[in-house]
Amino acid sequence: MFDTIRVFWAGCSGIARFFECCPADWSAEGKQVYDDLFRGTRADIRIPLWASLSKGEDGCLMDVTTLHILKAYHRFGYVPAGIDFNPPDYIGEMFRFLCYLCACALNAPGNAGMYAEEIGNFSNLYIAATARQAAEGIRRELNRPVCAGLSSHEREIASHIAAQLEAFTSSGPALTLPASTLPTAPDTAGYSASRKNPGLPDGLLCLRNYENGPDPVIPDEGPRTIFTAGRNNCGGKCPLKATIQDGCLTSLTASGHIPLPGLHACVRCTGYRRTYLSPERLRYPMKRIGKRGEGRFKRISWDEAVDTIASEWKRITTAYGPGARYVNYGDGVASLMRPDSMIMRLLNLDGGFLAHYGSYSSIQASTATPYLFGDSYCGHSVEDLVNTKYLILWAHNPVETIFSPQASYYITEAKKRGARVIVIDPRNSDTAMKLADEWIPVRPSTDAALAVSMAYVIVHEGLHDQDFLDRCCLGFDTDHMPEGVPSSANLRDYLDGIHDGVPKTPAWGESVTGVPADTIRRIAIEYASAKPACIRAGLGAQRTGNGEQNTRAISMLTCLTGNIGIEGGGAAGAGWVKEEDKPSYPVGYNRFPGKISCFTWTEAIERGKEMTAADGLRGTDRLPSNIKLIFNLASNMLINQHSDINATDKLLKDESKAEFIVCSDVFMTPSARYADILLPAPSFLEEDNISSPWRSGHYLLSNRRLVEPLFESRNEYEWIGELAKWLGLYEKWAGKHEGREGWIRDLYEGFRERHSDPSPSNVYAGLPDYDTFRECGGYAYTTAASYIAYREEAKDPEGHPFATPSGKIELFSKALYDMHDPRIPGLPAYVPAAEGYEDPVRERYPLQLIGWHTRRRCHTIHDNNPVMERLEPQRLWIHPSDAAMRGLKDGDAAEVFNDRGLIRIPVCITDRIIQGTVAIPQGAWYTPGTDGIDRRGNLNVLTAYRPSPLAKGNPQHTNLVEVRKLL
């Protein structure tokens with residue numbers, strides 16, 4: 001038995017050394033391929049090296065399997081060495097544990113049988129399965145096209161490692177590999193085992209235990225329940241309950257710890273464990289060694305990463321000025337301590353940077369709405385939905401987007417009270433399926449035409465609220481027009497077609513929108529007759545080539561019917577609400593005056609110095625430089641979510657344009673592949689934060705750390721702090737706060753102090769201290785009142801004027817009229833969009849393409865989660881008649897293409913989408929083959945970079961394509 005244990009010790013010791021460090025005599029090429037295979041430095045090579053994954057693709061790190069392994073370690077007093085920052089179920093760590101058991105057995109002959117039995121059990125249950133999986137993974141990766149560029153030496157190294165693992169799985173505990181075939185390295189005690197034990201090879205591990213025996217038994221921890229919540233750019237920020245034991249996250253489920261109606265965890269939130277505790281995590285700081293976008297990196301130290309960033313920061317600032325520095329839009333961390341905010345604070349302390357305005361989600365709506373109402377706070381609290389008698393969800397899909405986790409609850413309650421629910425959308429969405437009494441399919445980008453033809457019916461049926469229009473609105477008729485504008489340019493004359501000869505009748509509306517004229521007439525009458533009635537506008541209709549006009553036209557209906565400022569009503573528009581305040585991180589003052597639209601950053605790389613106000617430039621007449629330095633932190637916007645991926649790819653690969661790109665992320669996302677320095681960040685499971693819901697919801701959430709940061713990941717606060725030290729700005733940047741956690745505590749307590757008014761009406765009066773807030777997982781403002789937009793303005797517009805130039809709702813905007821741009825008329829008129837239904841380009845590309853926010857992803861988050869993929873595979877939705885014309889059957893692989901690109905994707909033939917339109921869920925990770933064709937089905941290969949007329953926003957639902965069967 002002892003000879004077998006000695007040989008086994010030698011074998012396990014050698015294999016463990018493979019995973020602890022690269023042998024000193026390996027060439028640089030060999031070390032790089034070792035890093036490619038086992039440290040994740042090459043984007044397309046992923047080897048499963050953890051026991052938690054041996055049970056299949058649904059496994060995740062730091063789970064129940066990891067816990068069982070830790071308990072085995074504890075039973076024998078073994079403390080994991082944290083090999084290369086890996087979790088304790090790492091295969092190298094498990095081989096090291098077997099070395100430990102062998103050493104203990106050799107030290108205690110009387111107990112050798114017990115140790116030998118444990119060696120057998122452990123190797124059979126965990127090591128063998130993991131080793132086999134790792135060996136298979138290496139073989140599989142070597143055969144992939146992406147590995148075609150590996151040298152023969154690199155392949156030899158990879159094959160040798162696979163052979164060792166396969167030999168172990170075939171021989172089990174009685175491993176008989178000659179020790180000479182395994183690499184050796186100095187032992188931790190600094191001397192050779194052979195000096196005391198001539199029969200043993202050099203480089204054995206656990207010599208101390210061979211000499212002294214096992215360490216004391218380590219007690220297991222019991223399970224703990226922790227309350228937390230999501231923090232990503234998702235509407236719900238769902239409350240969650242976690243079970244933690246010995247540092248392992250064994251469950252993540254819905255929680256009722258925030259006592260408000262309808263709050264529940266969606267499938268995305270309960271899926272975070274499998275998404276974030278993933279073997280695909282970025283593990284170490286890296287420096288690009290291949291071409292941009294190629295995904296080839298070299299592991300470096302954190303010191304080298306910070307030094308490189310600092311040097312490029314200084315070089316670019318000196319050469320081009322602060323306006324050459326840009327922080328790309330992205331909300332991967334939508335909470336109090338955001339990575340982009342922290343780097344913005346440092347940039348501001350060093351002279352400023354080129355800032356952006358707006359968001360990809362809502363820039364058209366948030367730009368257009370103030371021209372009507374004076375601001376964008378035109379929404380109502382979500383609980384006010386129960387007060388409506390007629391609800392139109394216009395391009396709004398709360399069931400899938402979780403725009404508010406309470407929305408479905410309150411819509412259901414409204415239906416119980418007799419409200420009728422209508423969904424207007426090109427797709428029969430999950431919201432339409434589950435909550436609507438009727439689905440009204442409309443052609444993409446024609447929403448304004450539908451609203452205008454409904455307005456025609458309302459006015460001609462005498463259902464408009466003339467009193468409200470006279471008191472509160474400007475532009476409806478000849479008697480209520482702004483000065484300096486012909487009185488005949490009013491809304492009523494536009495509806496009647498006085499100038500263009502086209503009355504905006506339901507028949508006209510049908511010709512544009514595809515909605516039957518009878519349906520247009522009926523729903524217009526129903527809506528206008530059912531006061532209070534509510535139009536709750538989503539953001540899909542404004543994310544189009546004419547999105548500003550869609551926003552204005554839909555809101556026009558709420559003005560015509562006088563449903564503004566009343567309970568159960570609503571003004572549509574951008575829909576933001578004024579509810580409870582929340583803590584905020586101080587970014588500071590930006591001394592550089594220039595701003596661009598969040599969507600036009602690629603243009604600012606290409607021709608920033610040529611951009612003017614006509615391109616959306618604000619704050620300055622000209623930019624002194626194109627963008628040269630980009631920080632893309634916690635964001636997959638750099639390539640994946642931006643329009644026209646092929647054009648963006650070409651631009652980013654030109655290193656003479658954007659000279660230096662820094663990315664931090666949790667995964668090797670498509671955007672991360674374009675980094676020059678790529679930094680691993682922790683997920684929300686691994687750090688504290690504070691967050692709040694989108695748009696509406698009377699609660700504040702604590703995002704509490706559940707597990708320690710995986711691998712060598714660091715929160716952005718840490719490395720930005722090191723960068724601040726390098727720049728001599730740390731004291732100003734950090735203030736008097738004790739690290740990132742100190743900031744969170746101080747900002748919360750400062751927020752609580754600002755709202756400490758003891759009066760009974762103070763909704764904040766019950767806010768607990770930070771420690772209690774963190775322990776409870778958040779706080780609900782249970783005494784909060786509902787926000788009803790423009791309540792006072794609608795009652796008394798003279799005493800409480802709207803914040804517009806006229807003090808009234810401006811159905812006709814002289815400010816827009818004076819731009820003299822036919823795409824931006826003074827009225828909320830329908831303007832056809834480029835690549836819309838009426839564009840002649842339809843002769844070549846006859847199908848309109850839209851995207852939607854699917855329930856299985858939060859933007860791009862979860863796309864690498866196989867459980868989510870089974871829940872809702874990435875598919876192209878196409879109507880049966882359109883599929884038949886192209887010879888397509890359900891499940892067929894198809895090519896979708898236009899002049900900008902081509903993707904391959906399976907089809908889903910369904911009557912849940914309007915004929916003439918196809919749809920692809922947004923957020924799939926761009927995955928091109930060697931031919932450049934995307935195999936994942938990323939919508940933005942096909943979308944256009946064509947900034948919208950007013951907001952310069954993204955028109956990503958306005959595209960024309962063709963579909964053909966892949967032969």
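Residues numbered from 1 in each chain as written. Predicted model: local features only at pLDDT ≥ 70, side-chain atom pairs only at ≥ 80, totals over all residues. Heavy atoms only, no water.

### Quick word on the overall build of the chain
- When you go through the chain residue by residue, the secondary structure sums to 32 helices and 26 strands.
- Compactness check: the chain gives a C-alpha radius of gyration of 31 Å against a globular reference of 30 Å for 967 residues, within 12% of the reference.
- When the backbone C-alpha atoms are referred to their principal axes, the chain occupies close to 105 × 70 × 60 Å.
- Put simply, 74% of the contacts in the chain that link residues at least 6 apart link residues at least 24 apart.
- A total accessible area of about 33900 Å² is found for the chain, and carbon and sulfur atoms account for 51% of it.
- Separation of charge centres in the chain, based on 104 positive and 117 negative side chains, amounts to 2 Å. (Helix = DSSP H or I, 4+ residues; strand = E, 2+ residues; numbered from the N terminus. Rg over C-alpha atoms; globule rule 2.2 N^0.38 Å. Contact = heavy atoms within 4.5 Å. Areas by Shrake-Rupley, 256 points an atom, 1.4 Å probe, with all protein chains shown as cover. Lys, Arg positive; Asp, Glu negative; His and termini not counted. Charge placed at Lys NZ, Arg CZ, Asp CG, Glu CD.)

### Focus on the pairing of strand S21 (residues 847-852)
- Counting buried positions over the six residues of S21 gives six, a clear majority of the element.
- Burial along S21 is two-sided: Leu847, Leu849 and Gly851 and Gln848, Ile850 and Trp852, pointing in opposite directions, are all buried.
- Bridge count between S21 and strand S26 (residues 959-965): three bridges; the pairing is antiparallel. The residue of S26 that forms the bridge with leucine 847 is valine 961.
- Bridging between S21 and strand S25 (residues 917-921) involves five bridges; their strand directions are parallel. Note that in S25 the partner of glycine 851 across the bridge is isoleucine 920. (Buried < 20%, exposed > 50% of the residue type's maximum accessible area, 1.4 Å probe, protein only. Pairing = 2+ DSSP bridges.)

### Let's talk about the side chain of glutamate 835
- Position of glutamate 835 among the secondary structure elements: in the loop between helix H30 (814-817) and S21.
- A polar atom in the side chain of glutamate 835 sits 2.8 Å from the side chain of arginine 900.
- Reaching out from glutamate 835, the side chain makes a polar contact with the side chain of arginine 946 at a distance of 2.9 Å.
- Those residues in contact with glutamate 835 that lie beyond four places of it in its chain are Arg900, Ala944, Arg946, Thr958, Asn959 and Leu960. (Polar contact = N/O pair within 3.5 Å; in protein donor to acceptor, adjacent residues only side chain to side chain.)

### A short note on the side chain of threonine 958
- Looking at the element boundaries, threonine 958 is found in the loop between S25 and S26.
- A polar side-chain atom of threonine 958 sits 2.9 Å from the main-chain amide nitrogen of glycine 545.
- Filtering out sequence-adjacent residues up to four positions away, threonine 958 remains in contact with Ser445, Thr544, Gly545, Ala833, Ala834, Glu835, Gly836 and Leu849.

### Things to note about the state of the cysteines
- Considering all chains together, one arrives at zero disulfides under this definition.
- Cysteine 60 takes part in no disulfide bond, and the closest cysteine sulfur, belonging to cysteine 248, lies 9.8 Å away.
- Residue classification places cysteine 60 among the buried residues on the basis of a relative accessible area of 3%. (Disulfide = S-S within 2.5 Å.)

### Re the sheet that holds strand S8 (residues 390-394)
- Taken in spatial order, the four strands make up an open sheet running S10-S9-S8-S12, and their pairing is parallel. Taken across any chain shown, the strands that pair with only one partner, and hence form the sheet edges, are strand S10 (438-440) and strand S12 (533-537). Put simply, the sheet's adjacent strands are angled 20 degrees from each other on average, direction ignored.
- Bridging between S8 and strand S9 (residues 420-424) involves five bridges; their strand directions are parallel. Bridge pairing in S9 links isoleucine 392 to isoleucine 422. (Axes fitted to C-alpha atoms, helices over the stretch in contact; angles between N-to-C directions.)

### Structural notes on the nonpolar core
- Core analysis: the largest hydrophobic core is formed by 88 residues, its most contacted members being Phe19, Phe95, Phe122 and Leu165.
- Top element by residues in this core is helix H4 (residues 91-107). It accounts for 13 residues.
- With residues near it in sequence (within four places) discarded, leucine 165 still touches Ile15, Phe19, Ile91, Phe95, Ala131, Ala134, Ala135 and Ile138.
- Core analysis: the second largest hydrophobic core is formed by 67 residues, Trp394, Leu450, Ala541 and Ala789 among them. (Core = buried A, V, L, I, M, F, W, Y, C linked by side-chain atoms within 4.5 Å.)

### Observations regarding the packing of aromatic side chains
- A complete count under the given rule lists 37 aromatic pairs for this structure.
- An angle of 70 degrees between the planes, with centres 6.2 Å apart, marks the rings of tryptophan 508 and tyrosine 830 as edge-to-face. Pair noted here: tryptophan 508 is in helix H20 (residues 506-513) and tyrosine 830 is in the loop between H30 and S21, with a separation of 322 residues, a long-range link. Taken individually, tryptophan 508 and tyrosine 830 each receive the classification buried, so the pair is uniform in this respect.
- Residues phenylalanine 667 and tryptophan 925 carry aromatic rings whose centres are separated by 6.2 Å and whose planes lie at 55 degrees to one another, so their mutual orientation is tilted. (Phe/Tyr/Trp six-rings, centres within 6.5 Å; stacked < 30°, edge-to-face > 60°.)

### Topic: unusual backbone geometry
- Residue lysine 531 is joined to proline 532 through a cis peptide bond whose omega torsion reads 0 degrees.
- Summarising the element assignment, proline 532 is placed in the loop between helix H21 (517-529) and S12.
- In this structure, alanine 395 is a non-glycine residue whose phi angle is positive, near 55 degrees.
- You can see alanine 395 is positioned in the loop between S8 and helix H14 (398-401).
- What makes alanine 395 buried here is its relative accessible area of 16%.
- The backbone phi angle of histidine 862 is positive, close to 90 degrees, even though this residue is not glycine.
- With respect to the secondary-structure elements, histidine 862 resides in the loop between S21 and helix H31 (866-871).

### Examining the packing of helix H3 (residues 64-75) against helix H5 (residues 112-142)
- Interhelical geometry of H3 versus H5 gives an angle of 165 degrees and a closest axis separation of 12 Å. With respect to H5, the axis of H3 lies roughly antiparallel. Considering the relative orientation of H3 and H5, their crossing is left-handed. Residue-level contacts link Thr65, His68, Ile69, Ala72, Tyr73 and Arg75 of H3 to Glu118, Phe122 and Tyr126 of H5.
- Its residues assigned to classes, the contact of H3 with H5 shows five nonpolar, two polar and two charged. (Parallel < 35°, antiparallel > 145°, perpendicular 65-115°, else oblique. Left-handed = near helix turned anticlockwise from the far one by under 90°. Nonpolar A, V, L, I, M, F, W, Y, C, P; charged D, E, K, R; others polar.)

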